[in-house]
Amino acid sequence: MDYKATLNLPRTDFPMKADLPRREPEILRRWEELDLYGRLRVKGLNRPRFLLHDGPPYANGHIHLGHALNKILKDIIVKYRQMMGWDCPFVPGWDCHGLPIEHQVDKELKSQGLSLSLVEVRRRCRAYAERFIDIQREEFKRLGVLGDWEHPYLTMRPAYVAAILREYGKFFFSGAIYRSRKPVHWCATCLTALAEAEVEYEEHRTPSIYVKFPVLKTAWPVVARAAKAALVIWTTTPWTLPANLAIAVHPDYDYAAVQVGEEVLVVAADLAPGLLAHLGLKGEVLETRRGRDLEGLLCRHPWLERDSRVILAEYVTLSAGTGLVHIAPGHGQEDYDSGLRYGLSPYSPVDDHGRFTPEVPEFAGQNVWEANDGIIALLRSRGALLKAETATHSYPHCWRCKEPIIFRATEQWFISLDKNDLRRQALKWIDKVTWIPKWGRDRIYNMVENRPDWCISRQRAWGVPIMAFHCQGCGGAFLTPEILERLLARVAQEGADFWFTEEPAHLLPPGTACPNCGGTAFRKETDILDVWFDSGVSFAGVLEADPELGLPADLYLEGSDQHRGWFHSSLLAAVGTRGMAPYRAVLTHGFVVDGEGRKMSKSLGNVISPQEIIAQYGAEILRLWVTAEDYRDDVRLSPAILRQLADAYRRFRNTIRFMLGNLADFDPARDYVPPAAREELDRLALSWLAQITDRVRKAYLDYEFHLVFHRLHQFCAVELSAIYLDILKDRLYILKPDSPVRRSAQSTLLDLLEYLLRLLAPILSYTAEEAWAQLPPRPRPESVHLADFPAALTGFPDEALLAKYDFLFMVRGEINREMDLAKKAKVVAAAPEARVLLGVAAEAAAHLTVLQQQAPELKTLVQVEHLEIRPGPLPEGRAGVELPWLTVRIEKAPGEKCVRCWYHRPGVGEDPAHPQLCRLCRQVLGV
RNA sequence: GGGCCUAUAGCUCAGUUCCGGUCAGAGCGCACGCCUGAUAAGCGUGAGGUCGUUGGUUCGAUUCCAACUAGGCCCA
């Protein structure tokens, strides 16, 4: 007879093979049909709000793993907070303006030989952004990220643009905005400023000259005493010499005064010998001095009626030149920074076409490149030239016309960090914000403390125009609240395109006069705003604008690069306009790197895309990855790590599947046994469940998701699969279906599942949902995401029970060790066929009593029918490893094996009708 | 070059955090077995680490300090 059919084996429709790439989209559809996000909003009414404000990704390209990491982390937080009782609206957004898109559009237009109007370019940029917003939206949704995807915020929407300009106006009217010159990359052919990304470096031949700056005044005696003394600089851009305002030395390098004929020349001491030889000079070092002691030394410009002062700069190197650097603050970034430090103006007497202005009478009107020769000749005639040669080196060129570019100071707009105390207030607010991890505080603090004023202007087309007017009469820029509001009324309706086409007379109210000089002729500002200003005011454009949201946000969550980016601009903008930080807490994650910890790059060929992972493994594996790794550091991903995660996923899935399978005949309404009335082992499992629930809740709240993963994974693998579920099989399979003891087990399985699925839902959102639908029917929300997070069951954990079993599991460990040897020696094939003999040494008499009392529990734990405990060591037994007072021996159990339950239990062979069954099995079958 | 960060078994992580001395752990993977009534599953046992390197403080450091190396982010 086939007794196997009489067992209660697991049955379930929950498949072992997940087939996630196919199944996930189905679940996604179910959520949409259910309007899960809308249902959550209803559920959240009257709950305390937890606001995670989405930082807008740039609407360009497909999403990469960094996006996936970021959005999944946000999704986990939104989901667990919602399940824990908060109301968590999540409004995703996109950053739409800016150079990368404009650059792409420019490239397309260029390849088509098109030259379009600004408004037409902007229209194409808008279409480009929209295209990628749609692409990214689908990709984010596919990750399982829940949010208001139908109503995201876009920084290019008219209402948002109006919000940007309103915040700009607040700065403007507070007097924090000023205009000043700052060097930018400039193409004199295309007549445009270039961003760093539009600059290509190519080999270029330039002059290379050594120039003397005569010393006027110094406290260095050997130099002061000399009849003639000069500092020697080296430059490859002679044309910047008319704008020279200083000479930089390194504070820690030594500089030598070298007697050369009648003259004393100053150069870096380490370079002196080589330089003299190169210049064809003979000389003798008189004395050396530290660079820092030269600060303030005064020189004369080689031909202009102007002084040039020695300043200190850390960026001076000895790798080329003389160790003394010619500084033209209007023609170089470092020069400019030094200029700011020393109060030098960014002087730049060069016009848009790259020609000298009349400020340089000798070369006025000449193109700077052509003027190089004249300048060299002038230096020679002045006796200031030590040597002129040519050099080839890497030099920036325009991406568009391929001509060499120049660095030139142009008028820019700035937000002052010190006007209105912005810097100090921002620093104060940094200390009121919770930074996770806490070193984030130091990082942003140092940046804000040391950063220069915020340059908010860009000479581009795709962005929010800086709305201001320039008086043709006095040249002053002006804007009034009335004028701005008038403009904003239009912007909010139609966007800002009109600014680019309409004349000032149409934009200004009739009769407008310059508040400064009364002039009535105006010019529009043509610059646009830095995109960091766009996203930096999202607290106004999104949080304040939506009554469902609000300011401040509870959390901003982005990669650690955003200490410089969005966290930074948002802080300055909010402190500057609201006098507060826009966030209560800021959480940062690291970057995605490969299995060796190296950054992913096309050149290294180690890039993995989320799309290929989703296609091969499913989004669930990506979510598991985000959870398993400690995101505070860099996050590694490699094919091997993915395989490991897939293994971990299978463990979760099979554990769930097994439990579901054993609930096939379970009707909660009819069969559920209250926890207190259950078998002891079931109550032990509930104690474990209570512990894990507690720990997992805490790990979620502490944002330590990797602990959530590890604890739940271990719980499934060890406490459930290896111990509880394994032991439970006998009870579940062998007994009568409606045996109270079996119902006790099933009730526990249901509890375990309902808890486990909810604890997993923020992470394995798809799988938890799939399994939730397979649970035995009982009143519960239609989606696991609509359920509340479980709290520990009352009465659990049972500490006494846990302590009792701690000891029993140690004994079980010793038995298992011996059982393994017994199986290998073919004494038994499986535990139910074994008889376990335990000997307890005389000195451990207390253990003997306990063991004898708890022998039934121990039998259950090691799944044997025959267990004997004897005083004194067993002569043929083996001593325990961890319990040396214990000796263990495994023998073949007496009697025959029952073919149904596989135990050597009494009664086999008694009944001629069922000679292969034990008494228990015959009882169960009623024969 | 500067600011901030990271470095524990093959992999992912605990832990030693503010008081340095049962803190060298877990899971996975791997190896060797068992089972075939979770079966492209399940169970048992076992082998793996001088806690990045080098110094210093200390009776004693993986844990404190410094330097270095490697890697990451942001600047320059």
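Every chain's residues receive numbers from 1 upward, in the order its sequence appears when written. Written order determines the labels here, with chains lettered from A and ligands numbered from 1. With pLDDT at 70 or above as the cut-off, local features in this predicted model cover only qualifying residues; side-chain atom pairs require 80 or more to be listed or tallied, and sums for whole chains, interfaces and linings still use all residues. Side-chain numbers come from the whole structure's heavy atoms, not from hydrogens or water.

Colleague: What's the story with the overall build of chain A in this structure? I'm lost.
Modeller: By definition, any uninterrupted DSSP run of H or I lasting at least four residues is a helix, any uninterrupted run of E lasting at least two residues is a strand, and each is numbered from the N terminus. When you go through chain A residue by residue, the secondary structure sums to 30 helices and 31 strands. In summary, chain A has a C-alpha radius of gyration of 39 Å against a globular reference of 30 Å for 927 residues, an excess of more than 25%. Overall, the C-alpha framework of chain A stretches about 125 × 75 × 50 Å when taken along its three principal axes. Contacts are assigned to residue pairs that have any heavy atoms within 4.5 Å of one another. If you take every contact in chain A between residues at least 6 apart in sequence, the share linking residues at least 24 apart comes to 77%. Per-residue and other accessible areas follow the Shrake-Rupley method at a 1.4 Å probe size, with only the shown protein chains counted as cover for residues. As presented, chain A carries roughly 38,700 Å² of accessible surface, and 51% of it is formed by carbon and sulfur atoms. The globule rule is 2.2 Å times the number of residues to the power 0.38, and the radius of gyration it is compared with is taken over C-alpha atoms.

Colleague: Explain the sheet that holds strand β25 (residues 583–589) here, please?
Modeller: Adjacent strands of a sheet pair through backbone hydrogen bonds, lying either parallel or antiparallel. Only strands joined by at least two bridges in the DSSP assignment are considered to pair. Judged by pairing direction, the sheet is parallel, and its four strands sit side by side in the order β1-β24-β25-β17 without closing on themselves. Two strands bound the open sheet, and with one partner strand each, they are β1 (52–53) and β17 (434–436). In this sheet, strand β24 (residues 553–559) lies alongside β1 in parallel orientation, the contact comprising two bridges. Each bridged residue has a counterpart across the sheet, and for Leu52 the counterpart in β24 is Leu555.

Colleague: Looking at this structure, I do not really get the environment of Ala699. What am I missing?
Modeller: Mapped onto the elements, Ala699 comes out in helix α23 (residues 680–701). Ignoring sequence-local partners within four residues, the contact set of Ala699 consists of Glu704, Phe705, Leu707, Val708 and Arg711.

Colleague: Got a minute to help me understand the protein's contact with RNA strand B in this structure?
Modeller: Around RNA strand B, 54 residues are found, and the nearest of them are Gly597, Gln644, Arg657, His706 and Gln714. Throughout, the term near means that a residue has one or more heavy atoms lying within 4 Å of the molecule or strand in question. When atoms of RNA strand B within 4 Å of the protein are split into backbone and base, the sugar-phosphate part holds 81%. Identification of polar contacts relies on pairs of N or O atoms within 3.5 Å, with a donor-acceptor requirement for protein atoms, meaning one able to donate a hydrogen and the other able to accept it, and with residues adjacent in sequence counted only if both atoms are side-chain atoms. The separation between a phosphate oxygen of RNA strand B and a polar side-chain atom of Arg817 is 3.0 Å. Within the side chain of Asp820, an N or O atom sits 3.2 Å from a base nitrogen of RNA strand B. Contributions of two or more residues to the surface near RNA strand B are made by α12 (439–450), α21 (639–661), α24 (705–734) and α27 (799–824). A per-element tally of the surface near RNA strand B places α24 first, with 12 residues. Lys, Arg, Asp and Glu make up the charged group, whereas Ala, Val, Leu, Ile, Met, Phe, Trp, Tyr, Cys and Pro make up the nonpolar group; the residues left over, Gly among them, are polar. Taken together, the residues that form the surface near RNA strand B break down as 17 nonpolar, 12 polar and 25 charged.

Colleague: In this structure, what is going on with the packing of aromatic side chains? I would like to understand it.
Modeller: We describe a pair of aromatic rings using the distance from one ring centre to the other and the angle between the two ring planes. We call Phe, Tyr and Trp rings a pair once their centres come within 6.5 Å, taking the six-membered ring for Trp, and we label the pair stacked below 30 degrees between planes, edge-to-face above 60, and tilted otherwise. With the rule as written, the count across this model stands at 33 aromatic pairs. Each ring, one from Tyr178 and one from Phe414, has its centre 5.2 Å from the other, and the planes form 15°; the classification is stacked. Here the residue Tyr178 occupies a position in strand β4 (residues 177–187), and Phe414 occupies one in strand β16 (residues 406–415), the gap between them amounting to 236 residues. We note Lys432 situated over the ring of Trp429; from NZ or CZ to the ring centre the distance is 4.5 Å. Cation placement over rings: the criterion is NZ of Lys or CZ of Arg within 6 Å of the ring centroid and within 35° of the ring normal. Note that Arg441 overlies the ring of Tyr445, its terminal NZ or CZ placed 4.1 Å from the centroid.

Colleague: Can you walk me through the packing of helix α11 (residues 422–430) against α12 in this structure?
Modeller: For any two helices packed against each other, one specifies the crossing angle of their axes together with the interaxial distance. Angular values range over 0 to 180 degrees, each being the angle between N-to-C directions of two axes fitted as lines to C-alpha atoms, with helices fitted over their stretch in contact. Interhelical geometry of α11 versus α12 gives an angle of 175° and a closest axis separation of 10 Å. By the angle between their directions, the pair α11 and α12 is classed as roughly antiparallel. On the side of α11, the interface is formed by Arg423, Ala426, Leu427 and Ile430, while α12 contributes Arg441, Ile444, Tyr445, Val448, Glu449 and Asn450. Across the contact of α11 with α12, the residue classes break down as six nonpolar, one polar and three charged. Angles are sorted into four bins: roughly parallel if under 35 degrees, roughly antiparallel if over 145, roughly perpendicular if 65 to 115, and oblique for all others.

Colleague: Honestly, the nonpolar core in this entry has me stumped. Any pointers?
Modeller: Most often, soluble globular proteins have nonpolar side chains that are buried together. The biggest cluster of nonpolar side chains holds 172 residues, and the ones touching the most others in it are Trp625, Leu637, Tyr700, Tyr703, Tyr724, Ile815 and Leu838. Among the elements that line this core, the one with the most residues is α24, at 15 residues. We call a set of buried Ala, Val, Leu, Ile, Met, Phe, Trp, Tyr and Cys residues a nonpolar core when their side-chain atoms join them within 4.5 Å. Exposed residues in this analysis have more than 50% of their type's maximum accessible area, buried residues have under 20%, and partly exposed residues fall in between, with area computed by a 1.4 Å probe over protein chains only. If you look at the next biggest cluster of nonpolar residues, it comprises 70 residues, including Ala468, Leu508, Phe533 and Val542.

Colleague: Help me out: how do you make sense of the pattern of salt bridges in this one?
Modeller: In a structure, side chains of opposite charge can pair up when their charged atoms sit close to one another. We count a salt bridge whenever a side-chain nitrogen from Lys or Arg sits within 4 Å of a carboxyl oxygen from Asp or Glu. A complete count under the given rule lists 74 salt bridges for this structure. Residue Arg458 is joined to Asp530 by a salt bridge in which the shortest nitrogen-to-oxygen separation is 3.3 Å. Of this pair, Arg458 sits in strand β19 (residues 457–458) while Asp530 sits in the loop between β23 (528–529) and α16 (531–536), placing them 72 residues apart in sequence. What makes Arg458 partly exposed here is its relative accessible area of 31%. Each of Arg835, Glu868, Arg870, Glu876, Arg889 and Glu891 takes part in one network of salt bridges that share partners.

Scope: geometric values only; no functional claims are made or implied.
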